[in-house]
Amino acid sequence: MTVTASRPVEAEVEPISSGGKFTTAAANYIDERTSISGLVKELGRKIFPDHWSFMLGEVALYSFIVILLSGTFLTFFFQPSMAEVVYHGSYVPLKGITMSAAYSSTLNISFDIRGGLLFRQVHHWAALLFIAAIGLHMLRVFFTGAFRKPREINWFIGFVLFVLAMAEGFTGYSLPDDLLSGNGLRIIDGLIKGIPVVGTWISYLLFGGEFPGNKLVAEFYSIHILLLPAILVAALGVHLLLMVVNKHTQFAGPGRTNDNVVGVPILPVFAAKAGGFFFVIFGVIVLIASLFTINPIWTYGPYDPSPISAGTQPDWYIGFADGALRLVPPGWEFVLWGHTWSFNMISVIIVLVVFLGLVAFYPFIEGWVTGDKREHHITDRPRNAPTRTAIGAAGVTFYAVLWAAASSDLMATHFKITLEGVIHTLQALLILGPIIAYHVTKRVCLALMKKDREIALHGYESGRIVRLPGGEYIEVHEQLSDYERWRLVSYEDYTPLMIRPNRQGKITGAERFRSSLSRWFFEDRISPITKGEIEQGGHH
Amino acid sequence: MKLTNKELPQHMAKNSSTATRRTRSRLVKSKGRRSPLATIALIVIGLVTTGGAYALFSSTASAETQSSSAAANQSSVDAGKKLFAANCATCHGLSAEGVNGVAPSLYGVGAAAVSFQVGTGRMPLANQGPQAEQKPVQFTDAQVTAMADYIASLSPGPGIPAKKYLGGNDDAAEGAELFRVNCAMCHNVAGAGGALTEGKFAPALSGVSAEHIYEAMVTGPQNMPVFNDKNITPAQKADIITYLKYLDKNPSPGGIDLGNLGPVAEGLFIWIFGLGAVVGVTIWIAAKAN
């Protein structure tokens, strides 16, 4: 069932049964005291378009709920303390070993508390899924241009959620105080210490003295269960509120305009579907958690600064940072003015901050370049915005190369190639990959637009060959219906901005820069088909 | 992550403590109460006693690996010599002296090195590469023993480990601790293996026999350093074996272990199967009923 948002709410009159009487009375009681009916009326008619890609954000939301539930269970048994204890639990290869209370209690959760291991694995798998779903959701929003006015701020809030989720993941990963996470923390410690002037002091502040110190777990615990979740929930609330205020975007289609939303209202069908969907996500996570080990801290052992394991990597969402560190060529640190400048670390910090900054502010950058101040509620098909799609592909490639670099050692052993070969290939790909991806994607998009134009004008090739009385052979083209054609031809046509002098009659440098960017964006383009062309095309 | 590239070729990896040299004192004829040679004789006796005692003490630590090789009989050595000439001499030289730039000398590598290299199928080498790859074992146990006896007969070296260290029923916790400190940096904390430089690698340790683990520690094959008996005592080696056997016998309590490869395997799994399943569900939910 699909309805449009502009349709008025119809009161349905039904014969009231005794059960119905109670419901009515209860609803009335609550409404008279809270005036909640206004909210229900508004929210209940919130329309959700029915394309699958619009549900990825929901996946992230539901995984987050699973994380909250399982995390609450874990807090009952976890001891956020680095006090030394001797382990006497069930896991044989650690019996009698001195370790922190945090690690010991995590072992107890895994082996001696009923359901503890399942909850730990649910929590961790859900965290991986949470951030993966956020990533996919962001890619959907980016490639369909759903971040354009009026949704730029909501994109930014979503980006903040993404960063918060990564921070949540990293702090949580460090809590068990096992060898793997300790090694990861040491890498972060090195990265922080690489910051000029203040690095060492920040590191001392974080770890309470020289690494590893004895206060980190307690500190991270407060951040992980209190501070970050509070900010995350608040930002999530704003994110959802803005989604309701701005309404959903939708793909172009018959009856879908910039002024309406076609889809299913929350109440009753969508709410039921979404509720079911939550349990499906929960089920998928529990199924994975019950079958597959994640973060087997018992094999990693307690943290001790001396050992380090081969194949130490962070969880996937921090992988791009680890990969960036692995790709830095040797010899990038030097001594100047009596200070060591660790550009092997500083360059990584700069690259990551610039990359994340571009992601965060992309909507504003594109808005400025295009000079487009209109509201957009119809999403683009990625091919119809070739330059943006190409930029996205370049960004994805850049991220993917960094990400892959985090597993360089595993690629070397599993594909029987040299570690140096992997690193050097990825170093080259980090520069060349995005350039190649940009050009290939842009050309593919333009080619697809040409194909769409051809199909819209002349229809599909039917494969039916007809011989005309004169002896000529033609292939019969199947024409599209108007509905199908609408999907292909309705997109915005941008042209490069003209350089215009400002009020003082001057052309500023910024304006020149902007127009050159605009030319870069829109120089290569395929114009949408005009009405005239369609009418002409029909005669073929 | 740093990778260490400690190259210790086998010919350098001989156990110095086993290089026992015995000097023989000649009988000094004594006619009078004090001969002018008495002083020299005393010095010689003193040197022999100290040297012998030193050799005895320092070799007790490695004596554990010598026991079985001492029992090697001559027929086994002869059989081993023939097998060596037929299968190994091309590279290692007719009398195992090594060929410069091709293969190391086998003097002093001991029976343990032969048992490990041939017993795991690494030798005879299939082809020159960054390091010897494992392949199906080409010889029977008796043949491997014969070759080991032959090599051990040439020059002393680490022998086949005694059975009492290979039972896998010692202290797993101590073994796990030693493994994390000494082995995990190359072999990965779960023994899943890891990459070294220039195409070399530390192999996975699951399913490796206790004897071969012990022999690898005392001989240091490929790029592995030697962990001699003073570095890690035989009892500690037995603990390490116990831990590795524990990992072999007890599958991960958390379910399928995804190769024990850590977060990369987990990330790959959640993106392909986790997110894949979830996206499948979203498509199903959003599908229009026909």
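Bear in mind the structure is a predicted one, so any value in this text is a computation, not a measurement.

*Asks:* Even after reading the chapter, I still don't get the overall build of chain A, so can you show me in this structure?
*Replies:* Looking only at helices and strands, chain A has 19 helices and 11 strands in total. Judged by the C-alpha coordinates and their principal axes, chain A covers about 95 × 80 × 60 Å. In chain A, buried positions account for 38% of the 540 residues. At a minimum sequence separation of 6, the contacts of chain A that also span at least 24 residues come to 74%.

*Asks:* Honestly, the overall build of chain B in this entry has me stumped. Any pointers?
*Replies:* The helix and strand inventory of chain B stands at 11 helices and 2 strands. Helices and strands appear in chain B in the N-to-C order α-α-α-α-α-α-α-α-β-β-α-α-α. Taken over 290 residues, chain B has a buried fraction of 43%.

*Asks:* I keep staring at the packing of helix α12 (residues 319-327) of chain A against helix α14 (residues 386-405) of chain A and nothing clicks. Help me out?
*Replies:* Angle between the axes and distance between the axes: these two values describe a pair of packed helices. Residues and elements named next belong to chain A. Contact geometry of α12 with α14 gives a least axis separation of 6 Å together with a crossing angle of 75 degrees. In terms of their interaxial angle, α12 and α14 are classed as roughly perpendicular. Here Gly-319, Phe-320, Gly-323, Ala-324, Arg-326 and Leu-327 of α12 lie close against α14, whose contacting residues are Tyr-399, Leu-402, Trp-403, Ala-404 and Ala-405.

*Asks:* What is the right way to read the interface of chain B and chain A from this model?
*Replies:* One frequently used descriptor of interface size is the decrease in accessible area upon assembly of the parts. With 52 residues of chain B in contact, the opposing surface of chain A contributes 59 residues. Of all the secondary structure elements, the ones that give two or more residues to the side of chain B that touches chain A are α7 (172-182), α8 (184-187), β1 (194-195), β2 (201-202), α10 (234-249) and α11 (263-286) of chain B. Here the element with the most residues in the side of chain B that touches chain A is α11(B); it accounts for 16 residues. Classifying every residue of the side of chain B that touches chain A by side-chain character gives 33 nonpolar, 14 polar and 5 charged.

*Asks:* Explain unusual backbone geometry to me, please; I cannot follow it from the model alone.
*Replies:* Most peptide bonds take the trans configuration, and most residues that are not glycine carry a negative phi. Residue and element names in this part refer to chain A. Look at the link from Lys-149 to Pro-150: it is a cis peptide, with omega at 5 degrees. Here Phe-211 and Pro-212 are connected by a cis peptide whose omega angle stands at -5 degrees. Inspection of the secondary structure assignment puts Pro-212 in the loop between α8 (199-207) and α9 (216-246). For Ser-35, which is not a glycine, the phi torsion comes out positive at approximately 55 degrees. Counting through the fold element by element, Ser-35 comes out in the loop between α1 (18-34) and α2 (36-44). Despite not being glycine, Asp-177 shows a phi value in the positive range, around 60 degrees. Its location among the elements puts Asp-177 in the loop between α6 (152-174) and α7 (179-193). Given 26 C-beta atoms within a 10 Å radius, Asp-177 is considered buried.

*Asks:* I keep staring at the confidence of the model for chain A and nothing clicks. Help me out?
*Replies:* Predicted coordinates in regions of low pLDDT should not be interpreted in detail. Mean pLDDT for chain A: 89, with 96% of residues reaching 70 or above. Within chain A, no element has a lower average pLDDT than strand β1 (residues 3-4) of chain A, which sits at 52, and none a higher one than helix α5 (residues 116-143) of chain A, at 96.

*Asks:* So what exactly am I meant to see when it comes to the domain arrangement of chain A here?
*Replies:* Annotation of chain A at the domain level lists domain 1 (18-42), domain 2 (52-243 + 264-309) and domain 3 (449-537). Distance between the C-alpha centres of domain 2 of chain A and domain 3 of chain A: 47 Å.

*Asks:* Can you walk me through the nonpolar core in this structure?
*Replies:* Grouped burial of nonpolar side chains is what soluble globular proteins tend to show. Judged by nonpolar contacts, the single largest core of 165 residues is most densely connected at A:Trp125, A:Leu129, A:Phe130, A:Ile285 and B:Ile151. Among the elements that make up this core, the one with the highest residue count is α5(A) (16 residues). Residue contacts for A:Trp125: discarding those within four places in its chain leaves A:Ile285, A:Ile288, A:Ala289, A:Ile294 and B:Ile270.

*Asks:* When you look at the environment of A:Leu240 in this model, what are you seeing that I'm missing?
*Replies:* When you line up the elements, A:Leu240 lands in helix α9. Taking the C-alpha atoms as reference points, A:Leu240 and A:Thr530, 290 residues apart in sequence, are found 38 Å from one another.

*Asks:* It is not clear to me how the pairing of strand β11 (residues 473-478) of chain A should be interpreted in this structure. Could you clarify?
*Replies:* A regular strand carries its side chains on alternate faces of the sheet. Residue and element names in this part refer to chain A. Where burial is concerned, little of β11 is hidden: 0 out of the 6 residues are buried. Where strand β10 (residues 460-467) lies against β11, 6 bridges are found, and the strand directions are antiparallel. Within the sheet, the bridge partner assigned to Val-466 lies in β11 and is Ile-474. Between β10 and β11, which pair antiparallel and follow one another directly, the connecting turn spans 5 residues, one of which, Gly-471, has a positive phi of 100 degrees.

Scoring rules and cut-offs
Residues numbered from 1 in each chain as written. Chains lettered and ligands numbered in written order. Predicted model: local features only at pLDDT ≥ 70, side-chain atom pairs only at ≥ 80, totals over all residues. Helix = DSSP H or I, 4+ residues; strand = E, 2+ residues; numbered from the N terminus. Buried ≥ 20, exposed ≤ 12 C-beta atoms within 10 Å, placed from the backbone. Contact = placed C-beta atoms within 7 Å. Axes fitted to C-alpha atoms, helices over the stretch in contact; angles between N-to-C directions. Parallel < 35°, antiparallel > 145°, perpendicular 65-115°, else oblique. Nonpolar A, V, L, I, M, F, W, Y, C, P; charged D, E, K, R; others polar. pLDDT = per-residue confidence, 0-100. Domains from an automatic or database assignment. Core = buried A, V, L, I, M, F, W, Y, C linked by C-beta atoms within 7 Å. Pairing = 2+ DSSP bridges.

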